[in-house]
Amino acid sequence: MSTTSLPPGPQQSLPPSLMSTLPGAYYTDPDVFALEQRRIFESMWFCAVRAADLPRPGAFKTVQVGTESILITRARDNSIRAFYNVCRHRGARISTEESGEVKRAFQCPYHAWTYDLDGRLVAAPNLTKMPDIDRVAYGLVNVAMREWLGYVWICLADEPPSFEEDVMGDVRTRLGDVAHIDNYDVAGLKVGRRIVYDVKANWKLIVENFMECYHCATIHPELTEVLPEFADGYAAQYYVGHGAEFGAEIQGFTVDGSSGLDRIPTVSQEQDRRYYAITIKPQVFVNLVPDHVIWHRMFPLAADRTVVECDWLYLPEVVDGGADIDRSVELFHRVNTQDFDACERCQPAMGSRTYADGGVLVPSEHHIGLFHDWLRGRLSD
Amino acid sequence: MIPACPLRSLPRGEAFRLDAEPPIAVFHTEDGQIYAIDDTCTHQDASLADGWLEGCEVECPLHASKFDLRTGQVDAPPAKLPVRTHRVVVEDGTIFVIPSEAPANLPPGVGVRPQGAA
Ligand code: FES
Ligand code: FES
Ligand SMILES: [Fe+2]
């Protein structure tokens, strides 16, 4: 809403080593969150579900995107379709389940308006008495959809922004070239483990945490053991195209540095024994290591609550062969828990009067300022 | 004998709704049979031509009662009464229906001005 006035930035001048963060209210104010829902989550491409989670026609998932509930399904022709989860008759939710499967149609439980998997209105009580109801015009409302890297991305904007510039652009910015992620064949991998974290923190605290490694040596002992250069506080996200190298005695990206799983064969020589991290704005984090990919999707639900769904992706033969992935998963599961605990520790303090002007960023965190500039840009105008 | 539609405009697996009084649904099954039954479900005003054809049965699109195309019998509630079946003749590539003379089992309110509230 244009009537929302954004919290002002800090007034005092800072020593050159420091930059200010966003003011505390950005992390607590429901009006700021409402503006973010509209200007960010309902306007940009949003990574919603893993395509393989819709294995058959009629399988569906519902996801919260900004203020909207979106129903994503697979149609008879195997294409993926996304709709607003809103009945065209009088607005009942078509599905209140997070996932499920219908045989051939979605039926509203209120008055039984019935929609096929393409969203078309196929039946309703007395429908033949109302031949002037166009079955497409009164079908479920479509949402723009793209499939990339094995994920379904949707966009609620009337005119979606360029997927190539926005989504692929973020990968290019981090890795230097989109081709570098193609080497990991992310679409061809299979979910070996999925963990859902319900984090009592603002989504931006999670983004900021993921962007910096100033905290790594303090809260991530296992990760710093595997990636010793993280002890200097500079995250893999500080540089373009830089992958953090595994320590000399480290055999694989596992909780104890023991060897990992089968290496993804198309990973290049220079990507071997390295860890890359990417943020795809506004809600995706990706970690690339030679034998797996860790893919996080954030679902911001309130100013102080964010659900993070994290997939550990391996070669299909690794997952189907029943290989033991526990030590592999455990490393980043610990990292996630350590990070989200830190975010939850910050959240209650965001409303403190001493944090009204926000905190400060040290030089190894200054690149987070770019995220703040981006955010302010999206919320203003 | 009422002309319904050309045979070639009704592929297997599809239905045609004949705007008679009351309307009639003509089905072309996957194994090539043609059947005609009353189009209106006996439970509520739903078009069975919009339903799901499976073998020799059509499932009502609203509440899933199934009607046998050969006998008109219903398998399970909420619909309780059968639909009428009608004879079908194909001549010179056209499907004709000979409407049954039996009284139709129409749902409440159909053919009458709808009224009342839940
Ligand atoms: S609200 Fe969905 S059928 Fe009436
Ligand atoms: S309308 Fe056919 S079963 Fe209810
Ligand atoms: Fe971290």
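Residues numbered from 1 in each chain as written. Chains lettered and ligands numbered in written order. Predicted model: local features only at pLDDT ≥ 70, side-chain atom pairs only at ≥ 80, totals over all residues. Heavy atoms only, no water.

A. Representation of the overall build of chain A within the structure. Within chain A, the secondary structure is distributed over nine helices and 18 strands. Projected onto the principal axes, the alpha-carbon positions of chain A cover approximately 75 × 55 × 30 Å. Residue burial in chain A is summarised as follows: out of 381 residues, 53% are buried. By sequence separation, contacts in chain A at least 24 residues apart represent 65% of the contacts at least 6 residues apart. As displayed, chain A offers around 16200 Å² of accessible surface, 49% of which is attributable to carbon and sulfur atoms. Charged side chains of chain A number 36 positive and 53 negative; the gap between the two group centres comes to 8 Å. (Helix = DSSP H or I, 4+ residues; strand = E, 2+ residues; numbered from the N terminus. Buried < 20%, exposed > 50% of the residue type's maximum accessible area, 1.4 Å probe, protein only. Contact = heavy atoms within 4.5 Å. Areas by Shrake-Rupley, 256 points an atom, 1.4 Å probe, with all protein chains shown as cover. Lys, Arg positive; Asp, Glu negative; His and termini not counted. Charge placed at Lys NZ, Arg CZ, Asp CG, Glu CD.)

B. Spatial organisation of the overall build of chain B. A count of helices and strands for chain B gives zero helices and nine strands. Listed N to C, the secondary structure of chain B is β-β-β-β-β-β-β-β-β in terms of helices and strands. Taken along its principal axes, the extent of the C-alpha atoms in chain B is 50 × 25 × 20 Å. Long-range pairs, those at least 24 residues apart, make up 39% of the contacts in chain B with a sequence separation of at least 6. Carbon and sulfur atoms form 49% of the exposed surface of chain B, whose accessible area is close to 6300 Å². If the 9 positive side-chain charges of chain B are averaged to one point and the 17 negative ones to another, these points end up 2 Å apart.

C. Up close: the coordination of the iron ion (ligand 3). All names here are of chain A. Distances from the iron ion (ligand 3) to its protein donors, namely His215 (NE2), His220 (NE2), Asp339 (OD) and Asp339 (OD), fall within the range 2.0 to 2.5 Å. With four donor atoms in place around the iron ion (ligand 3) and angles of 56 to 143 degrees between them, the coordination shape is irregular. The sequence pattern describing where the donors of the iron ion (ligand 3) fall on their chain is H-x4-H-x118-D. Separated by 124 residues along the polypeptide, His215 in the loop between α4 (203-211) and α5 (216-219) and Asp339 in helix α8 (residues 326-346) bring together distant segments of the chain. Side by side, His215 and Asp339 carry an identical accessibility label, which is buried. (Donors = N, O, S within 2.8 Å, 3.2 Å for Na, K, Ca; no water. Tetrahedral: all angles 85-135°; square planar, octahedral: opposite > 155°, others 65-115°.)

D. Region of the structure containing the interface of chain B and chain A. Listed as interface residues are 12 residues of chain B and, on the opposing side, 15 residues of chain A. For the pairing of chain B and chain A, the buried interface totals around 1100 Å² over both sides, and the portion due to carbon and sulfur atoms is 47%. The largest contributions to the chain B side of the interface with chain A come from Asp45(B), Trp52(B) and Leu62(B), which together make up 50% of the buried area. Taken together, the links from chain B to chain A amount to five salt bridges. (Buried area = accessible area lost by both parts, 1.4 Å probe. Salt bridge = Lys/Arg side-chain N within 4 Å of Asp/Glu carboxyl O.)

E. Region of interest: the domain arrangement of chain A. Residue and element names in this part refer to chain A. Considered domain by domain, chain A is made up of domain 1 (46-155) and domain 2 (176-379). With centres defined by C-alpha atoms, the gap from domain 1 to domain 2 works out at 32 Å. Between domain 1 and domain 2, the residue contacts involve 14 residues of the former and 18 residues of the latter. Summing the contributions of domain 1 and of domain 2, the shared interface buries around 1300 Å²; its carbon and sulfur component is 64%. Of all residues in domain 1, Arg50, Leu149 and Tyr151 give up the largest surface area on contact with domain 2, accounting jointly for 43% of the area buried on that side. Here domain 1 is connected to domain 2 by one salt bridge. Between Asp53 and Arg194 there is a salt bridge, with the nearest N and O atoms lying 2.7 Å from each other. Here domain 1 and domain 2 share six residue pairs in polar contact (both at pLDDT 80 or more) between them. Those elements giving two or more residues to the side of domain 1 that touches domain 2 turn out to be β2 (46-50), β3 (59-65) and β11 (151-155). Here the side of domain 1 that touches domain 2 takes five residues from β2, the largest share from any one element. Grouping the amino acids of the side of domain 1 that touches domain 2 by side-chain chemistry returns nine nonpolar, two polar and three charged. (Domains from an automatic or database assignment. Polar contact = N/O pair within 3.5 Å; in protein donor to acceptor, adjacent residues only side chain to side chain. Nonpolar A, V, L, I, M, F, W, Y, C, P; charged D, E, K, R; others polar.)

F. Highlighting the nonpolar core. In terms of nonpolar packing, the biggest core is built from 105 residues, with Ile72(A), Trp153(A), Ile154(A), Phe253(A) and Trp295(A) touching the most fellow members. Structurally, this core is a two-domain feature, drawing no fewer than three residues from each of domain 1 (46-155) and domain 2 (176-379) of chain A. (Core = buried A, V, L, I, M, F, W, Y, C linked by side-chain atoms within 4.5 Å.)

G. Highlighting the side chain of Arg50(A). Residues and elements named next belong to chain A. With respect to the element layout, Arg50 can be found in strand β2. Buried and without a salt bridge, Arg50 has Asp311 as its closest oppositely charged side chain, separated by 5.4 Å. Look past the residues within four positions of Arg50 in its chain and what remains in contact with it is Leu149, Gly150, Tyr151, Val186, Ala187, Leu189, Val191, Arg194, Arg297, Asp311 and Leu313.

H. A look at empty space enclosed by the protein. Residues and elements named next belong to chain A. Using the criterion set out here, one finds two cavities of 30 Å³ or more in the structure. The space that makes up the second largest cavity amounts to roughly 40 Å³. Among the secondary structure elements, those contributing two or more residues to the lining of the second largest cavity are α4 and α8. Counted by class, the lining of the second largest cavity contains four nonpolar, three polar and one charged residues. (1 Å grid on protein atoms, 1.4 Å probe; cavity = no way out; pocket = protein on both sides within 12 Å on 5 of 7 lines; lining within 4 Å. Points joined across faces, edges and corners; volume = space filled by probe spheres on them.)

I. Here's a closer look at the pairing of strand β9 (residues 94-98) of chain B. All names here are of chain B. As judged from the four bridges shared by strand β1 (residues 2-6) and β9, these two strands associate in the antiparallel manner. Along β9, the bridge assignment pairs Ile2 with Val97. Two elements, strand β8 (residues 85-91) and β9, share five bridges in a ladder whose sense is antiparallel. Paired with Val90 across the bridge in β9 is Ile95. The hairpin turn running from β8 into β9, its antiparallel successor, is two residues long, and Asp92 in that turn takes a positive phi close to 50 degrees. (Pairing = 2+ DSSP bridges.)

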